[in-house]
Amino acid sequence: MSGKGVGTIQFIDGTMDKHVYNNILKNNVKQSALKMGMPANYMFQQDNDSKHTAEINKLWLIWNIPK
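Let me begin by describing the structure that accompanies this report.

What counts as what
- Residues numbered from 1 in each chain as written.
- Predicted model: local features only at pLDDT ≥ 70, side-chain atom pairs only at ≥ 80, totals over all residues.
- Heavy atoms only, no water.
- Core = buried A, V, L, I, M, F, W, Y, C linked by side-chain atoms within 4.5 Å.
- Buried < 20%, exposed > 50% of the residue type's maximum accessible area, 1.4 Å probe, protein only.
- Helix = DSSP H or I, 4+ residues; strand = E, 2+ residues; numbered from the N terminus.
- Contact = heavy atoms within 4.5 Å.

**Details of the nonpolar core**
Alright, step 1. One finds Tyr21, Leu25, Val29, Ala33, Tyr42, Trp60, Leu61 and Ile65 forming the largest nonpolar core, which totals eight residues.
Alright, step 2. Examining the composition of this core, we find that four residues originate from one element, helix H1 (residues 18-35), more than from any other.

**Observations concerning the environment of Ile24**
Alright, step 1. Structurally, Ile24 is set in helix H1.
Alright, step 2. Ile24 gets classed as buried once you look at its relative accessible area, which sits at 16%.
Alright, step 3. Separated by 15 residues in sequence, Ile24 and Ile9 place their C-alpha atoms 9.7 Å apart.
Alright, step 4. Sequence-distant contacts of Ile24, that is, excluding residues within four places in its chain, are made with Gln10, Ile12, Met16 and Val29.

Have a look at this one:
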């Protein structure tokens with residue numbers, strides 16, 4: 001969610017781990033940013049949950065989120 005609205009909702013069945021979170025990033029972040037009309041240089045923020053800071057997800061964010 002952002003000040004511009006709510007993005008795509010993702011329902012989770014079971015326990016979320018770093019791989020489930022990575023699939024959420026892959027399937028929803030860019031689409032949600034477009035849906036909400038975010039500027040090209042939007043800032044994606046999250047907390048320090050271990051799923052968020054896992055190497056697989058840090059690398060995905062580095063390569064896929066605009067700077």
